[in-house]
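Read off the chains here:
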Amino acid sequence: MTAVQIKPAPAYRERAVRFGAHGGLVGVITEPSPEKAIAGAPVVLAANVGLNHHVGPYRLWVDTARQLAEAGFATLRFDTAGLGDSEPRRETVSDIERAVLDFGDAAKLVDERLGAKRLVLMSLCSGVDAAHLVSVRDPNVVGAVFLDGYAYRTSGYKRRYWTSRWLQWARWRRFIRRRWIYTYAAATKGVRETGEVDEIFVREYPPLEELAKQFDAMVERGTKLFFAYTGEVDHSFNGKEQLFEMFPRLASSKAVTGEYYHRADHVYSFIRDRRVLMDRLVAWMRENFAAP
Amino acid sequence: MNPVYFGPSERQLYGVYHPPRAAPRDLGVLLCYPAPQEYMRTHWAMRRLATLLSQRGFHALRFDYYATGDSAGDSNEAALDIWNKDIGIAAAELKDMAGVNHVSVVGLRLGATLAAKAAAEGLAVRDLVRWEPVVKGGPYVDELAAIAVRKFARLLYHDGEQADELIGFPFPEQLARDTRGLDLLSVTPKAKRAVVVSSTGRADHQQLVDHLTTSGLAAKRVEVRDEAAGGGMQREAALLSMAALQTIVRSLEEQ
């Protein structure tokens, strides 16, 4: 084995924290160095993606937090109760309300430790459910990032589905590739991925019009919204224009940013896709929250 | 449990210390995760194991190697040499924070392989428990590559991973070469006892025990006969095995 050089310490500081009313929540605060910190900037909160613990899939939240720190923003990534490193709560409330309590504890922590009340919530997949509810209820949430969040099939979705689906070479290529791999690739025998079996949970979506009103209210109070969808959720989202097909009143708002990464998979498994997403998130934070 | 950062300032490591919840023993147990590709899916099992150990009076510390999990370092800085050193740093930290005189190590998959190397290179270990250890690096990398093929086959736009990535993580040439070069049958760790916990039908694990016995080490293999002890750790089922966790705890309790 060959010794590898380690880079000098980065220009940010990380500390492990244990917090919450029951003292059982665990997370990591990433703070920019004093010379890079943006005075008065909101603090980013990122919690679990599904059952993944707080580092996020492929360290997505770790890398994002460190890039944001380089740009001057602090982050708290944490596990909601009962997931990852955090201990369960004793309250008998629903999962979603439990997560809302956890976000409340996280907000209290960043207020106490970092002196920040304003928050930006970042969430992916089922993590969107709690982040959305907190964003709706808490006026201190000045920004919200929803990655592969709620999506509803629109008439535009159906049109794109029926007009382009059979003409896409990528679909035929995938069909052939899967048949070949599952049938002939001896090296992959005995290896079965969870994506090949049935989904193990079902999410409940709020009615579309209720959601639209909630987004309207958030924009009205000045909250910046960032939506990104990936190609892997093409069962419900299949074009950049679909965001404003679902929420037409948001189309004219400068507070709303929409991205569609059609080549990326749901959890940004490929390094190049993660890099694109993180660069965009950092740029969005700078555009919206760099000024005091 | 107490989350902490420890180690040298330029390479802070993240760990979670589980203090004893029963009459404390003079023994700390260090838990060594697998490689990043298997980290996320083994995290819960390692947490459960640490909790079980603490309930039986052990001091337990699980930690992330440099450039993995919450520890310092970019993912593309991952290197076996560094991870080996990290095991020594974490063992010293465990002794220090728990005030114990002895440390045992439990390693899962690649973590077992790294733990054995650390013990062979001077780390003082009482028990060395290897859970589904990676015996040879070549077949292990091939297995991960096969999983990647299978995992990403469902994606619509997929041109394959770059040569220097593996299941979503950077896998630079040096790391690939070092990993492929791993061979536990040429490593003789120093420990009071060695235990291999594995599923049925693993001839390579029996070979490993034979190698250790021949080398004069008190070694044994414990087969865990349940559905969750398969070698393919990419499968969630493999991580829900209470039988495997209880086997490990029992083996550490034996005097």
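So, a few notes on the structure that sits alongside this text. Note that the coordinates shown come from a computational prediction; the quantities given were computed from them, not determined experimentally.

### Let's talk about the overall build of chain B
Argument step 1. Of the regular secondary structure elements, chain B holds seven helices and ten strands.
Argument step 2. Relative to the compact-globule value of 18 Å for 255 residues, chain B shows a C-alpha radius of gyration of 17 Å, a close match.
Argument step 3. In terms of overall dimensions, chain B has a C-alpha envelope of 55 × 45 × 30 Å along the principal axes.
Argument step 4. Counting the 255 residues in chain B, one finds 54% classified as buried.

### A short note on the overall build of chain A
Argument step 1. On a plain count of helices and strands, chain A comes out with eight helices and eight strands.
Argument step 2. Relative to its full complement of 292 residues, chain A shows a buried share of 41%.
Argument step 3. In chain A, 70% of the contacts between residues at least 6 apart in sequence involve partners at least 24 apart.

### Remarks on the sheet that holds strand S2 (residues 25-32) of chain A
Residues and elements named next belong to chain A.
Argument step 1. Strand order in the open sheet formed by eight strands is S1-S2-S4-S3-S5-S6-S7-S8, and the pairing between neighbours is mixed. Of all strands in the sheet, those bounded by a partner on one side alone are strand S1 (12-19) and strand S8 (256-261). In this sheet, adjacent strand axes meet at a mean angle of 15° when their direction is disregarded.
Argument step 2. Across six bridges, the pairing between strand S7 (residues 224-230) and S8 is parallel. Across the sheet, the residue bridging to Phe-227 is Gly-258, located in S8.

### Some details on the pairing of S1 of chain A
All names here are of chain A.
Argument step 1. Where S1 meets S2, eight bridges bridge the pair, whose relative direction is antiparallel. Pairing of Glu-14 across the sheet is with Thr-30, part of S2.
Argument step 2. Taken together, S1 and the strand that follows it, S2, pair antiparallel across an intervening segment of five residues, in which Gly-20 is found at a positive phi of about 100°.

Calculation rules
- Residues numbered from 1 in each chain as written.
- Chains lettered and ligands numbered in written order.
- Predicted model: local features only at pLDDT ≥ 70, side-chain atom pairs only at ≥ 80, totals over all residues.
- Helix = DSSP H or I, 4+ residues; strand = E, 2+ residues; numbered from the N terminus.
- Rg over C-alpha atoms; globule rule 2.2 N^0.38 Å.
- Buried ≥ 20, exposed ≤ 12 C-beta atoms within 10 Å, placed from the backbone.
- Contact = placed C-beta atoms within 7 Å.
- Pairing = 2+ DSSP bridges.
- Axes fitted to C-alpha atoms, helices over the stretch in contact; angles between N-to-C directions.

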